[in-house]
Every structure is written in C-alpha cells, then in structure tokens.
Amino acid sequence: MTDGNPPPGSSKENPDPNPEANPFSNDDSSLESIVRRFQDSMSSVKRHKFWETQPVGQFKDVGDTSLPDGSIELPTPLSEVKQEPYNLPSPYEWTTCDMDSEETCTEVYILLKNNYVEDDENLFRFNYSKEFLRWALRPPGYYKSWHIGVRAKASKKLVAFITGVPARIRVRNEIVKMAEINFLCVHKKLRSKRLAPVMIKEVTRRVHLENIWQAAYTAGVVLPTPITTCQYWHRSLNPKKLIEVGFSRLGARMTMSRTIKLYKLPDSPVTPGFRKMELRDVSAVTRLLRNYLSQFVVSPDFDENDVQHWLLPTEDVVDSYLVESPETHDITDFCSFYTLPSSILGNQNYSILKAAYSYYNVSTKTPLLQLMNDALIVANRKDFDVFNALDVMHNESFLKELKFGPGDGQLHYYLYNYRIRNALRPSELGLVLL
Ligand code: MYA
C-alpha cells in the first residue's frame, strides 16, 4: 500500500532550474523550433497553476541561496483577512463538520471510505475508522471551524472534505504555530474541476482567522516543493494473506511455507519491563520524547497534554508501549504505532487489510532494533497483517534487519509559508502525520 505515486511527467528529482524561462526568447525563430522548444519547456516541468500562486517554495527557486529560510509572507492584520468564505460552484455549499456528532462523523467516514487515498494499482483504499477520525481531529486546542465539508445543495450529500488541526512544530530553533492539514478529499465524480484549490484557500482563510500563518502536510503527489521525500517500508506479519490479496508477492525461489516461517515472530516481547503505556506515564514519556525529538531538524513540540492525547493508548487507534527498568523503575524506552486499515478492493475472500503504522519511537537503553522487534511482536499478537514504517528519524537502522521491504510509493512532506532552502534527509525529520 502506498500513498499514491507522483504522476508521470512531474519532475521530482530534478526540477528545471528555470521553468518560467521564455521558450520564445532564443534567436532561432522558425515555427518548428519554437514549437519544439515550447513542448520541451512544458514537458520538463509540470506547471502548477494554483501552487505557483501560493507562499510555498517554488521549483524555480530551488538552489537559490539568496532566499532566507523561514516565513515567506508576513502575517497580515486579522482585520484584513477575508471575512466571508470563498465562492464554491453554485450547486455546492460549505458545511462545518461537527465531529462530536455521530451522524456527521459517519458521513465523513463514508466519504473517505469510498473516495480517499488509493495505491497506484487501485487495489487498496485507506479506511480510517470513525474512532480514529475523532482522535485525529480533536487534539488539544482544536478548532471546529477547521473541519470543513462541502455539500451538494440539492441533496445535502457530503461531497468533499479538508481538515486542519493546530500543532506547534519546531523547525531548527524556532517553534512555529502551524495547522496540520489532512483528509483533503473530493468525491470521485467531482474530480478535476478545481475544487481542491478552493478548499485549500478556504482552510487557509480559517487558519489565518486564528492568527496562524504556517502549515504542515504530506502528500503522495509532487507539489512545489517537498522539504523531504520519504519512503514507506512494510514488514509482513500475515504473509499468506498479503500475498493472496496482491499486497506482496512470493519471493523468487520461495514457497509459501518458507515465507511464513521467515516472518514468524515470538509470542511475547523479549525486553524485561516492556509494558503498555498508562496515564501515570505521561510526564515521563513527555520528557523522554521531547529530549529525543530535539535532535531532528523538524519535529512537533509536544507538551504533556499533547502526549496524553496523541500517545496514550486508545483501543484500535493508537498503541504505545514503554520499557520500565525493573531495577530503577525509570522509563527508558518507548514505541508506538497507529491503526489504519485499508479496504481491499475486489477480492473474493478478504475485504480489510489491518495495518499498523510506526509512530514515535525512542530508545535510550534498549537497542532500537530490539524495541521495534517487540513492537512487531505485539502488533502481530493484535492480528495486524502488516507493520508499516517510514524511513524517518532513526528508522533506517532497523528496517532491513527486521525484514521490512521497501514499498513502491513515496510520501512527500511540505510546509506552507515556511521556506527550508536545503531539502532534509528523511532521517533529519522527526514528524509523523496521520
Ligand atoms: S493528502 C491526501 C489527498 N487526498 C487524496 O489523495 C484522496 C483522493 N484524491 C482526491 O480526493 C482528489 O484527487 C484531490 C484533488 C482532492 C486530492 N495536496 O480539484 P482539482 C492540486 C495538495 O482539479 P482533484 C492531504 O490530505 C493539484 O496539484 N494539492 O483536483 C494533504 C492542482 O493544483 P496545481 C493537491 O483531483 C492535503 C489542483 O489541486 C493535491 O479533483 C494538503 C487540482 O485541483 C494534494 N494531495 O482534487 C493540502 N492533489 O494546478 C494543502 C492535487 O497548482 C494544504 N492537488 O498543480 C496547504 C496548507 C493550507 C493551510 C495554510 C494555513 C496557513
């Protein structure tokens, strides 16, 4: 399962240093050469009619060392922020989605279940649970007004969605109030009508109204301009099912029974003092995590309230374990993963793929490899089919050894209105978005 590959033709690795260059400016003005040069200029870099108007790093500026890191645009006085919503095409209207309402939460769940992110081969589609959506969208200090829907005026059916939640993100030494933008979704029947830019502008307006001017988001598509590009890795827990549903393939010269044996895990964790995180652990985990995250270039600035919300275990949403030293009772290590199933599209035997996603992990005494092996063991005991992890933070140090295989999709990380001139390595990133 991937988060969607960049479309063919979009320039990921090597954006044209000057895509705006006038294709007609050369002396050679025969019609043929004009057309050829125009075509060249169009195919070498994908134009982004919307994103070119936004305060984000632009492809044409890649490598320009004269531009400073930090905010691209200064905040405007709140009285100058547009007070009315942006116009939608006339058959549609804005709605604020109250995630406390069971009915609204169900509508959002159904929209995403049927229309949200699929892998490149359309075999799987994310199936975020209602519990997960309530958790993801109601962290400390959240704004209801940032849970934005679009309805068809006539039927009142929910046809599009975008959300923001507040977060403090540290970039190098600066702590910046941001919105984390997620769950951008337009119903399949309404695609390619430029609804997404209106939704992005509307969420931006509502974020500005709270005096917040930066945002963080991830996408499977290449947009101007990623701060880093990460790869998903997958660790099979139930290889037989994964092979049967087309998630993975039987390796060369491998039989099913050898494959099952290869991925077999012990029944219980091996680290003494490994246990589930509890409410009483919040302050120790906060200290451990803050100290660990401080080494990365970009990371969340979690306080105890954030840790309680994001990391205290919630059944079928987020799992967290820690190591309490049997001698000193100090909390020395921590690992966590969230639950995000995918619908399996068009398989006779299976409809749901149960996936765990590595979240935040900290090792100080237990080697990270052993800690993550224990995480795999508990995820396997909880009947997950696969354990996914990005190559962020120190994850590279355990991926291969613990039998993770690379996925075929990439996940690009972005900041809105905050320039980072030199792209980061994934290992310099200490942020996981849901
Ligand atoms: S990432 C998950 C995105 N969702 C999906 O992939 C679900 C399935 N796909 C869809 O529902 C639609 O295809 C979507 C686009 C809704 C994605 N992020 O309306 P259009 C640009 C940003 O004709 P549609 C997530 O949720 C595209 O480049 N922009 O297209 C994080 C083009 O612009 P340009 C995207 O296919 C979201 C324009 O939209 C994305 O009908 C972060 C085309 O619009 C994308 N994933 O709808 C949002 N995909 O011409 C940004 C396409 O310029 C937040 N586009 O290339 C920014 C910060 C805002 C807050 C700021 C506060 C200060």
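What comes next concerns the included structure. (Residues numbered from 1 in each chain as written. Predicted model: local features only at pLDDT ≥ 70, side-chain atom pairs only at ≥ 80, totals over all residues. Heavy atoms only, no water.)

Digging into the side chain of Gln 214
- As for its position among the elements, Gln 214 is in strand 6 (residues 214-219).
- Judged by its relative accessible area of 8%, Gln 214 falls in the buried class.
- Among the polar contacts listed, one links the side chain of Gln 214 to the side chain of Ser 71, at a separation of 3.1 Å.
- From its side chain, Gln 214 meets the backbone oxygen of Asn 417 in a polar contact 2.7 Å long.
- Look past the residues within four positions of Gln 214 in its chain and what remains in contact with it is Ser 71, Val 176, Lys 177, Met 178, Ala 179, Tyr 416, Asn 417 and Tyr 418. (Helix = DSSP H or I, 4+ residues; strand = E, 2+ residues; numbered from the N terminus. Buried < 20%, exposed > 50% of the residue type's maximum accessible area, 1.4 Å probe, protein only. Polar contact = N/O pair within 3.5 Å; in protein donor to acceptor, adjacent residues only side chain to side chain. Contact = heavy atoms within 4.5 Å.)

Concerning the side chain of Asp 374
- Looking at the element boundaries, Asp 374 is found in helix 9 (residues 368-381).
- Apart from the residues within four sequence positions on either side, Asp 374 is in contact with Pro 269, Val 270, Thr 271 and Phe 274.

Digging into the pattern of salt bridges
- Throughout the structure, instances matching the rule amount to 28 salt bridges.
- Between Glu 107 and Arg 151 there is a salt bridge; the shortest N-O distance is 2.7 Å. A residue pair is termed long-range when its members are at least 10 positions apart, and Glu 107 in helix 2 (residues 102-115) and Arg 151 in strand 3 (residues 147-152) qualify at 44 residues.
- Residue Glu 107 is classed as partly exposed on the basis of its relative accessible area of 25%.
- Note that Asp 301 and Arg 290 form a salt bridge whose closest N and O atoms lie 3.1 Å from each other. Pair noted here: Asp 301 is in the loop between strand 9 (298-300) and helix 8 (304-311) and Arg 290 is in helix 7 (residues 282-293), with a separation of 11 residues, a long-range link.
- Because the salt bridges share partners, they merge into one network encompassing Arg 168, Arg 290, Asp 301, Asp 303 and Asp 306. (Salt bridge = Lys/Arg side-chain N within 4 Å of Asp/Glu carboxyl O.)

Focus: the nonpolar core
- If you look at the biggest cluster of nonpolar residues, it comprises 79 residues, and the most contacted ones within it are Trp 135, Val 298, Tyr 338, Tyr 359, Tyr 360 and Tyr 413.
- Among the elements that take part in this core, helix 7 stands out by supplying seven residues, more than any other.
- When residues of this core are sorted by domain, at least three fall in each of domain 1 (54-220) and domain 2 (229-428).
- Once residues lying within four places of it in the same chain are set aside, the contact partners of Tyr 359 are Trp 135, Trp 310, Leu 311, Val 318, Ser 336, Phe 337, Tyr 338, Met 393, Val 432 and Leu 434.
- Counting residues in hydrophobic clusters, the runner-up holds 30 residues, among them Phe 50, Trp 146, Tyr 217 and Tyr 414. (Core = buried A, V, L, I, M, F, W, Y, C linked by side-chain atoms within 4.5 Å. Domains from an automatic or database assignment.)

Brief notes about the site of the ligand
- Around the ligand sit 33 residues, and of these His 48, Trp 51, Leu 184, Ser 192 and Ala 196 come closest.
- Within the contact set of the ligand, an oxygen atom lies 2.8 Å away from a backbone nitrogen or oxygen of Trp 51.
- Within the contact set of the ligand, an oxygen atom lies 2.7 Å away from a backbone nitrogen or oxygen of Ser 192.
- When the ligand sits alone it has 1200 Å² of accessible area, and the protein chains cover 89% of it.
- Looking at the shell around the ligand, the elements that each hand over two or more residues are strand 5 (174-186), helix 4 (195-208) and strand 6.
- No other element matches the seven residues that helix 4 contributes to the shell around the ligand.
- For the shell around the ligand, the per-class residue count stands at 21 nonpolar, eight polar and four charged. (Near = heavy atom within 4 Å. Areas by Shrake-Rupley, 256 points an atom, 1.4 Å probe, with all protein chains shown as cover. Nonpolar A, V, L, I, M, F, W, Y, C, P; charged D, E, K, R; others polar.)

Here we look at the packing of helix 7 against helix 8
- Remark: helix 7 packs on helix 8, axes separated minimally by 9 Å, with the N-to-C direction vectors making an angle of 100°. Comparing the axis directions of helix 7 and helix 8 gives the class roughly perpendicular. Contacts between helix 7 and helix 8 pair Val 282, Ser 283, Val 285, Thr 286 and Leu 289 from the former with Glu 304, Val 307, Gln 308 and Leu 311 from the latter. (Axes fitted to C-alpha atoms, helices over the stretch in contact; angles between N-to-C directions. Parallel < 35°, antiparallel > 145°, perpendicular 65-115°, else oblique.)

Regarding the packing of aromatic side chains
- With the rule as written, the count across this model stands at 28 aromatic pairs.
- A centroid spacing of 6.2 Å and a plane angle of 65° characterise the contact between Trp 135 and Tyr 359, whose relative ring orientation is edge-to-face. Note that Trp 135 is positioned in helix 3 (residues 130-137) and Tyr 359 in the loop between strand 14 (355-358) and strand 15 (362-363), a separation of 224 residues in sequence. The exposure classification of Trp 135 matches that of Tyr 359, with both residues buried.
- Here the aromatic rings of Tyr 338 and Tyr 357 are separated by 5.3 Å at their centres, their planes lie at 5°, and the arrangement is stacked. Within this pair, whereas Tyr 338 is found in strand 11 (residues 331-339), its partner Tyr 357 is found in strand 14, the two being separated by 19 residues in sequence. Considered together, Tyr 338 and Tyr 357 belong to a single accessibility category, that of buried residues.
- Between Lys 82 and the ring centre of Tyr 86, over which it is positioned, the NZ or CZ distance is 4.9 Å.
- Over the face of the ring belonging to Phe 384 we find Lys 354, whose NZ or CZ atom lies 4.4 Å from the ring centre. (Phe/Tyr/Trp six-rings, centres within 6.5 Å; stacked < 30°, edge-to-face > 60°. Lys NZ or Arg CZ within 6 Å of the ring centre and 35° of its normal.)

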